[in-house]
Amino acid sequence: MPEGLPAAGAGARTLWPLPQGLTFLNHGSFGLTPKPVLQAQARLKHEMERDPPRFFDHHKLMPRLADARAAAAEALGAAPQDLVLVDNATTGVNAVLQSLAFPPGAEVVSTDQVYPAVRNALRHRLEPVGGRLIEAALPWPVASDDAIVAAVERALTPRTVLAAFDLIASRSAVRLPVERLAALCRGLGIPALVDAAHGPGQTPLDIPALGADWVAGNLHKWYFAPRGCALLWVRPDRAAALHPTVISHGYGGGLAAEFGWTGTRDVTPFLSVPAALSFHRALGGPALMERNRALAAEAAALLSHAWRTEAAGSPDQRNAMASVRVPGSERFATEEAARLLHDRLLRRHRIQVPVFPFAGALWLRISAQAYNELGEYSRLADAVLAEAPKLDRPARSR
Ligand SMILES: Cc1ncc(COP(=O)(O)O)c(C=O)c1O
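Source: prediction; values computed, not measured.

J.: When you look at the packing of helix 7 (residues 145-155) against helix 8 (residues 178-187) in this model, what are you seeing that I'm missing?
T.: Between two packed helices, what matters for the description is the angle formed by their axes and the separation of those axes. Between helix 7 and helix 8, the least distance of the axes is 10 Å, while the angle of their chain directions is 30 degrees. The orientation of helix 7 with respect to helix 8, classified from their angle, is roughly parallel. The hand of the helix 7/helix 8 crossing is right-handed. Contacts from Asp145, Asp146, Ile148, Val149, Val152 and Glu153 of helix 7 reach helix 8 at Arg180, Leu181 and Leu184. Of the residues belonging to the contact of helix 7 with helix 8, the class tally is five nonpolar, no polar and four charged.

Written out as structure tokens, the structure is:
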């Protein structure tokens, strides 16, 4: 890792391979791997290609994967033996769902902000048994933690066999009170799966303290690992029943063996975890997370003030992301308008930021990362004020 990294802000930008002139406000969707971590991964790839049989030698590879798991576990307050590395949060969630038996008519409870891919994974398991996914409706744009817990409580029934909650909901960027939700479920004997895709590296996390039965989370978003790197944590008493979605040589050999080999694949994202975590620490670790949270809060306030709209959730429910309503968008809250606004912001203003329709309006989700500074959100405020009104016109005159 380089010594003396520049402080977060414009000076830190050179640590990422960002093209000049691009205002990148979407760390959340896919992460953005810093150059030093890409270099560490390139060295690993080189080593892999020089002599694959030597690189993949079980006796050599397994201890290296164990080191990577241990590094991730340490960062997240977990015991290394309870945590495995998987390709992405979706894979982690699917491993849990494929490992469970769903009885006929089973019900699973989630919220109406569940990530669409996870919704599909749940449907895939429930439809063959005539089961049902029940999505507790969360008040929008602001739901207090009490209101969220009450909405979920109302959805739980004696037929509920599983509950699945996002730690940070993708659309609203609101952190759900998963500790309270998991405790509620535990009291009723219902196992809880937490999808913490956006958690690790965005907000300080003690994974076992969430009180869930399983937690999936990405390392390739906010912890700077190369893409294709996530974790799955399991409560120790559930470990024996958990298997990867791909069964291979390690079957029956325990979590590390089963998840450590799921067929030949590029394991360099996993082996880059120590470099990624060390980069995150070098930029401040918890101080970086706090700096990003504060910047996102300031940016959300700036945007909602400039647009005379609101951000989803209260500031204390948000971390380094915030979703803010696009002014006047109640009149054009469609997927097409969202795509148009996104493309115009990118093409005409060189701003990369996600836009989506939700609850009768368009919303725009900002992220704050070490390479961002407040001025970038001011530019976004102006750009949206210039572009949004044009979406309200007939297609030919936009
Ligand atoms: C809440 C949530 N769950 C799951 C995912 C999926 O992550 P991945 O594509 O890395 O599996 C995302 C991605 O943004 C997400 O926001």
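J.: Looking at this structure, I do not really get the packing of helix 2 (residues 35-50) against helix 11 (residues 273-282). What am I missing?
T.: At their nearest, the axes of helix 2 and helix 11 sit 9 Å apart, and the two run at 165 degrees to each other. With respect to helix 11, the element helix 2 is oriented roughly antiparallel. In the crossing of helix 2 with helix 11, the sense of the turn from one axis to the other is right-handed. In this structure, helix 2 contributes Pro36, Val37 and Ala40 to the contact, and helix 11 contributes Ala275, Ala276 and Phe279. The residue inventory of the contact of helix 2 with helix 11, partitioned by class, reads six nonpolar, no polar and no charged.

J.: Explanation requested: the sheet that holds strand 12 (residues 361-367) in the structure shown.
T.: Sheet strands pair by backbone hydrogen bonding; their relative direction is either parallel or antiparallel. Across the sheet, which stays open at both edges, the three strands sit in the order 9-12-11 with antiparallel pairing between neighbours. Among the strands making up the open sheet, the edge pair consists of strand 9 (321-325) and strand 11 (355-358). On average, each strand axis in the sheet is tilted by 35 degrees relative to the strand beside it, whichever way the strands run. Looking at chain direction, strand 11 and strand 12 are connected through four bridges and run antiparallel. Note that in strand 12 the partner of Phe358 across the bridge is Ala361.

J.: Would you mind showing me how to read helix 14 (residues 374-387) here?
T.: Each turn of an α-helix holds 3.6 residues, which means side chains three or four residues apart point in the same direction. In this model helix 14 runs 20 Å from its N-terminal to its C-terminal C-alpha over 14 residues, within 8% of the 20 Å that 1.5 Å per residue would give. Against strand 1 (23-24), helix 12 (286-307), helix 13 (335-349), strand 10 (351-352) and strand 12 lie the buried residues of helix 14.

J.: I would appreciate a short explanation of the pattern of salt bridges in the present structure.
T.: Side chains carrying opposite charge are able to pair once their charged atoms draw close together. One pass over the full model with this rule turns up 20 salt bridges. Taking the shortest distance from any N to any O, the salt bridge between Asp57 and Lys60 comes out at 3.7 Å. Here Asp57 falls in the partly exposed class, since its relative accessible area comes to 27%. Its relative accessible area of 39% is what places Lys60 among the partly exposed residues. Among the ionic pairs, Asp213 bridges to Arg238, the shortest N-O distance being 2.7 Å. Of this pair, Asp213 sits in the loop between strand 6 (192-196) and strand 7 (214-218) while Arg238 sits in the loop between strand 8 (230-234) and helix 9 (255-260), and the two are 25 residues apart along the sequence. Take Arg238: its relative accessible area is 26%, and that puts it in the partly exposed class. Where salt bridges share partners, they join Asp213, Arg235, Asp237 and Arg238 into one cluster.

J.: How should I be thinking about the domain arrangement of the chain in this particular structure?
T.: You'll often see interface size given as the accessible area lost when the parts meet. Looking at the assigned domains, one finds that the chain contains domain 1 (10-30 + 284-391) and domain 2 (40-279). Centre-to-centre separation of domain 1 and domain 2, based on C-alpha positions: 27 Å. At the junction of the two partners, domain 1 supplies 29 residues and domain 2 supplies 27 residues. Carbon and sulfur atoms make up 61% of the surface buried where domain 1 meets domain 2, a total of about 2,400 Å² over both sides. Elements that contribute at least two residues to the side of domain 1 that touches domain 2 include exactly helix 1 (27-30), helix 12, strand 9, strand 11 and strand 12. The biggest single contributor to the side of domain 1 that touches domain 2 is helix 1, with four residues. Across the side of domain 1 that touches domain 2, the residue classes tally to 16 nonpolar, 10 polar and three charged.

Rules and cut-offs
Residues numbered from 1 in each chain as written. Predicted model: local features only at pLDDT ≥ 70, side-chain atom pairs only at ≥ 80, totals over all residues. Heavy atoms only, no water. Axes fitted to C-alpha atoms, helices over the stretch in contact; angles between N-to-C directions. Helix = DSSP H or I, 4+ residues; strand = E, 2+ residues; numbered from the N terminus. Parallel < 35°, antiparallel > 145°, perpendicular 65-115°, else oblique. Left-handed = near helix turned anticlockwise from the far one by under 90°. Contact = heavy atoms within 4.5 Å. Nonpolar A, V, L, I, M, F, W, Y, C, P; charged D, E, K, R; others polar. Pairing = 2+ DSSP bridges. Expected span 1.5 Å × (residues − 1). Salt bridge = Lys/Arg side-chain N within 4 Å of Asp/Glu carboxyl O. Buried < 20%, exposed > 50% of the residue type's maximum accessible area, 1.4 Å probe, protein only. Domains from an automatic or database assignment. Buried area = accessible area lost by both parts, 1.4 Å probe.

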